[in-house]
Structures are given as structure tokens and as C-alpha cells.
Amino acid sequence: MAGAGPVGLTAALTLARGGVPVTVLEAGPGLAVESRASTFHPPTLEMLAGLAVLDELMARGLVARTFQYRDRSGGPIATLDMGTLAGETPYPFRVQCEQSKLTPILLGHLRRHGGEVVFGREVRSVRSHPDGVVATTAGGDAFTGDWLIGADGAHSAVRRALGIPFEGLTYPERFLVASTEEDVEDLLPDIEPINYVFDPEEWLVLLRTPDSWRVLLPTPPGTPDEAELARLPARLRAVADPGRDWRVAHASLYRVHQRVAARFRQGRTLLAGDAAHVNNPLGGLGMNSGIHDAVLLATALLTGRPPAARQGREAPRPAAPHRRREDRPSRREEPALPGGTVDEVAARRREVALTHVRPISHGNWERLRAADPAAHHEELRALAADPAATRAHLLRTCLISSLREPP
């Protein structure tokens, strides 16, 4: 395994729970502490429950049962209630929690199941042979295994070593994310934990996390980072003015890309998460779809191994997206995860990146920055007023349907 982020550690834990010896190679000196992704969707919560880590995550996070679309000047447009998914999932809500709080939980469980994480080891070359793969690190150490899962991020050294194209686009603006210690509910009393704010001049996103509020602002390309960070206080006061500058704990600027790898399997190596696909953060789909990659690819590896190779232990069955009782298979109480051979699962995960994640996240960006958003406002008001339409919308945007639809 390459990469000890939430995707790599989830894949490793899935394998370790199935009795497979796992070594995770992480380029950094320890687990990343940056906030990064912070939203967990219902099917991801189900998978984490199946791995016995959900209770610990929820103890550190907060539950968001609603989210809101707003107009920058006109206030709330529509509030969507996640409760409309109550018949579809045991977790009809999002959990807001920084990914840096999940990774230590996963690491602890992985070690208890016999998995190993080696820090300071960046994979530089990959060589497959019929029975396995050899990963060589920057320091010259060689690690041999049956399979390698590259979950080492958007700049994946594993993907580059394999020469797999990573095609797509780069968004024109940079994204500026600020974590603030302000009580934003006092500044904007009618907001929800998650808020998407329309404005053709300067759209934004406001997200509540357990420790702070996060504000995401689009930022022009080509200007110095220092200049953009210097004008952040004025931009925040334009969102809501407490009569002084906002208290900002941290702020960062980054470029945003929308790309999908040409293939998710090459020889004995698989790609997952940002190593396989990246998208803009609007909708919180990146980490969630990456965790889905991890569980589904690791489960395909487990089910393809002979029982003796699993040391006599059964492969785990992480919870799949729950179905209404009338939709469930009659032979057992809960459905299996979407399955198939490793090749089939890898191909399906690439299709999900192309046909679910990419159009949803890119569509969110297009709508928020539309020059004339009035038509979108009316669509959202109609959506929020119709529980059946809301449920259908959430099934897609929370990625539940991506795990149910046939390949």
C-alpha cells in the first residue's frame, strides 16, 4: 500500500481484517495533520461502520442533517433535509469531521489487526511480475507483495512510475480556504452546518466542523499568494461584518483540478482515491469516493484469494449502501457490496469517477458561479418542496446511487 491517508488506511484495514498481511508505505514523517476533506456521506458512514471505526469518528465529529443553498445578497434559497434518506440508509445525515481525525483511528485499528505503516518511504518505482509486485522507495528499499494499491494522492508517485496518463482540466481560479474561530451562526443566524452561496461575482461555501467554521472562496489566478492572503480579512467582513476582522486560525490557497487516470489497474498495481481521480471539493465527493474505491478494491482482492491465503479467516463484509426492505435481496438480510473481479471493480470505479463524481462536482461549480443564477434558485426551491425529488437528488449527490446502479 502506498499512502497513509484515509483512502490508503481504509484499504489496508479492509485487507488486514480479512487476515492479509499489509504494509503501508507513507512518504511523510507521520500522518498528515492538515484539515483537508471534512464531510462524510451516508454510504461512507456505512462502510466505516462495517470496519468498526464509525463510532469513534462520530464521537469526534458533528452530525449535519440539513444543508442550505443561499444567495449572497438575498439569504436562504432552499434547505435540503437529509432525513428524506431515512428509508435508504441507517445514516440519513452527513458527519462533519476533518479527515485528520479519522486517520489516527484507522491507524490504531490497522495495527491491532497486524498491519504495518512505515513512514518516510516514498515509492519511486514499481515493477510487476506474474505473481506479485516490487515497490522501490526513494531510499532504495524494495518491498515485495502480491499487490500494490497506490493511494498516494493527486501527485501520486505510483501513478507516475507506471506512466498512467492523468487527463482532465485545471480550474481557472484558485480556492482559498480559511478556518475561522468566529461563531458564524451569530453573524448569519439562519445558516445551516453546510452552506453553498450563489454569487456571480464571488460565490463561497461555509462549512461547520467540530473545531471551527471553514470558508471557501474562489481566488483569481496569477496574483501573488501574499496579496490574496492580505485581502482575506476584507473579503470575510464582506460575508458578514462583526465590526472587526474575523479571527482566522489558518488559511491556504491551492489550485483545483478535475482529472481521471486512464486506468485504475496496471499489472499488479491498483490506483485509488486522489491517485486515481481528483475533482473540485464542492459537494465533498473526493474523499468519499476514494474511501469507496478503497473498500471495494480491497474486498475484490480478498474475495479473489484462496481461503488458505486468508489464514483461515473470512473476508470482512463492510456495510454496503442500505436499501429499502422491498429492494433487498430475499436470500439474506443485508446486500453484499457491489462485487466482481478486480478488473471489473477497477473498471467500475473509473466509470463512477467519470459519470458520477465528475459531473456532480463540476456542475456544482458551474451553478454557483452562473452569471444569472435565478433559474437555479427556482429549481432548488422546487426541489426542497418535493420530498421525493429531494430523495432522488440526494441518492445521486451523496453517491448512494453510484454504488447501486449496475455496471
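In the annotation of an unreviewed UniProt entry, the entry for the chain reads 3-(3-hydroxy-phenyl)propionate hydroxylase, and the organism field reads Streptosporangium canum.

Engineer: Please give an account of the overall build of the chain that cites residues and values.
Structural biologist: Scanning the chain from N- to C-terminus turns up 13 helices and 21 strands. Whereas a compact globule of 407 residues would reach a radius of gyration of roughly 22 Å, the chain reaches 21 Å, a difference of no more than 12%. Dimensions along the principal axes, computed over C-alpha positions, put the chain at roughly 65 × 55 × 35 Å. Every one of the 407 residues in the chain was classed for burial, and the buried ones make up 52%. In the chain, the proportion of contacts linking residues at least 24 apart, taken out of those at least 6 apart, comes to 74%. With an accessible surface of roughly 16,900 Å², the chain has 50% of that area assigned to carbon and sulfur atoms. Averaging the positions of the 48 positive and the 49 negative side-chain charges in the chain gives two centres separated by 6 Å.

Engineer: Break down the confidence of the model for the chain for me, with residues and values.
Structural biologist: Across the chain, the average pLDDT comes to 90, with 91% of residues at or above 70. When the criterion is pLDDT under 50, residues 323-336 qualifies, and its contacts beyond four places in sequence or with other chains add up to 19 contacts.

Engineer: Which residues make up the pattern of salt bridges, and what are the values?
Structural biologist: As enumerated under the stated definition, the model contains 22 salt bridges in all. Close ionic contact of arginine 404 with glutamate 88 constitutes a salt bridge, the shortest N to O distance being 2.8 Å. Of this pair, arginine 404 sits in helix α13 (residues 400-404) while glutamate 88 is found in the loop between β5 (75-81) and β6 (94-96), placing the two residues 316 residues apart along the sequence. Its relative accessible area of 1% is what places glutamate 88 among the buried residues. Measuring nitrogen to oxygen at the nearest pair gives 3.7 Å for the salt bridge that ties lysine 101 to glutamate 98. The exposure class assigned to glutamate 98 is buried, which follows from its relative accessible area of 6%.

Engineer: Give a detailed account of helix α9 (residues 286-303), specifying residues and quantitative values.
Structural biologist: Relative to the 26 Å expected for 18 residues at 1.5 Å per residue, α9 spans 26 Å between its end C-alpha atoms, a close match to the ideal helical length. Counted residue by residue, α9 has 17 buried out of 18 residues, so it is predominantly covered.

Engineer: Report on the sheet that holds strand β20 (residues 269-271), specifying residues and quantitative values.
Structural biologist: Pairing between the strands of a sheet comes from backbone hydrogen bonds, and it takes one of two forms, parallel or antiparallel. Across the sheet, 3 strands lie side by side as β11-β20-β19; this open sheet has mixed pairing. Every other strand in the sheet has two partners, leaving β11 (148-150) and β19 (265-266) as the edge strands with one partner each. Of the pairings in the sheet, the one linking β11 to β20 comprises 3 bridges and is parallel in character. Along β20, the bridge assignment pairs leucine 148 with threonine 269.

Engineer: So what's going on with the nonpolar core? Which residues, and what values?
Structural biologist: Counting 68 residues, the largest nonpolar core has Leu15 and Phe40 as its most contacted members. If one sorts the elements of this core by residue count, α9 sits on top with 10 residues. One finds Leu80, Leu85, Tyr171 and Val177 within the second-largest nonpolar core, a separate group that totals 28 residues.

Engineer: Can you lay out the sheet that holds strand β14 (residues 194-198) for me, pointing to particular residues and giving the numbers?
Structural biologist: Reading across from one edge, β5-β4-β14-β15-β16-β13-β17 is the order of the 7 strands in this open sheet, with mixed pairing throughout. Single-partner strands in this sheet number two, and they are β5 and β17 (248-254). Averaged over all adjacent pairs, the angle separating strand axes in this sheet is 15°, with direction ignored. Sheet topology note: the strand β13 (residues 174-180)/β17 ladder contains 6 bridges and is antiparallel. From the neighbouring strand, serine 179 faces β17, where its bridge partner is histidine 250. The sheet contacts of helix α8 (residues 232-239) involve β13, β15 (204-208), β16 (213-219) and β17, and relative to β16 the element is tilted by about 110°.

Engineer: Help me get a handle on the packing of α9 against helix α10 (residues 342-368), residues and values and all.
Structural biologist: Following both chains from N to C, one finds α9 and α10 inclined at 165°, their axes separated by 9 Å at the closest point. Relative to α10, α9 is oriented roughly antiparallel. α10 is crossed by α9, and the crossing has right-handed handedness. Contacts from Ser289, His292, Asp293, Leu296, Leu297, Ala300 and Leu301 of α9 reach α10 at Val342, Val345, Ala346, Arg349 and Val357. Grouping the constituent residues of the contact of α9 with α10 by class yields 8 nonpolar, 2 polar and 2 charged.

Engineer: An account of the packing of aromatic side chains is requested, with residue identities and associated values reported.
Structural biologist: All chains considered together, the criterion is met by 8 aromatic pairs. Ring centres 6.3 Å apart and planes at 45° place the aromatic pair tyrosine 69 and phenylalanine 198 in the tilted group. In this pair, tyrosine 69 sits in strand β4 (residues 66-71) while phenylalanine 198 sits in strand β14, placing the two residues 129 residues apart along the sequence. When its relative accessible area of 11% is taken as the criterion, tyrosine 69 is described as buried.

Engineer: Hey, could you go over the packing of helix α11 (residues 374-385) against helix α12 (residues 387-397) for me, with residue numbers and the actual values?
Structural biologist: Put simply, α11 and α12 touch, their axes get as near as 5 Å, and they point 105° apart. Between α11 and α12, the crossing angle belongs to the class labelled roughly perpendicular. In this structure, α11 uses Leu383, Ala384 and Ala385 to contact α12, whose residues at the interface are Pro387, Ala389, Thr390 and His393. Looking at the contact of α11 with α12, its residues break down into 5 nonpolar, 2 polar and no charged.

Engineer: Please provide a residue-by-residue account of unusual backbone geometry, values included.
Structural biologist: A positive phi angle is found at alanine 52, which is not glycine, with a value near 65°. Considering the arrangement of structural elements, one finds alanine 52 in the loop between α2 (42-50) and α3 (54-60). A positive phi is found at leucine 399, a non-glycine position, where the angle reads about 70°. Residue classification places leucine 399 among the buried positions, given a relative accessible area of 0%.

The rules behind each value
Residues numbered from 1 in each chain as written. Predicted model: local features only at pLDDT ≥ 70, side-chain atom pairs only at ≥ 80, totals over all residues. Heavy atoms only, no water. Helix = DSSP H or I, 4+ residues; strand = E, 2+ residues; numbered from the N terminus. Rg over C-alpha atoms; globule rule 2.2 N^0.38 Å. Buried < 20%, exposed > 50% of the residue type's maximum accessible area, 1.4 Å probe, protein only. Contact = heavy atoms within 4.5 Å. Areas by Shrake-Rupley, 256 points an atom, 1.4 Å probe, with all protein chains shown as cover. Lys, Arg positive; Asp, Glu negative; His and termini not counted. Charge placed at Lys NZ, Arg CZ, Asp CG, Glu CD. pLDDT = per-residue confidence, 0-100. Salt bridge = Lys/Arg side-chain N within 4 Å of Asp/Glu carboxyl O. Expected span 1.5 Å × (residues − 1). Pairing = 2+ DSSP bridges. Core = buried A, V, L, I, M, F, W, Y, C linked by side-chain atoms within 4.5 Å. Axes fitted to C-alpha atoms, helices over the stretch in contact; angles between N-to-C directions. Parallel < 35°, antiparallel > 145°, perpendicular 65-115°, else oblique. Left-handed = near helix turned anticlockwise from the far one by under 90°. Nonpolar A, V, L, I, M, F, W, Y, C, P; charged D, E, K, R; others polar. Phe/Tyr/Trp six-rings, centres within 6.5 Å; stacked < 30°, edge-to-face > 60°.

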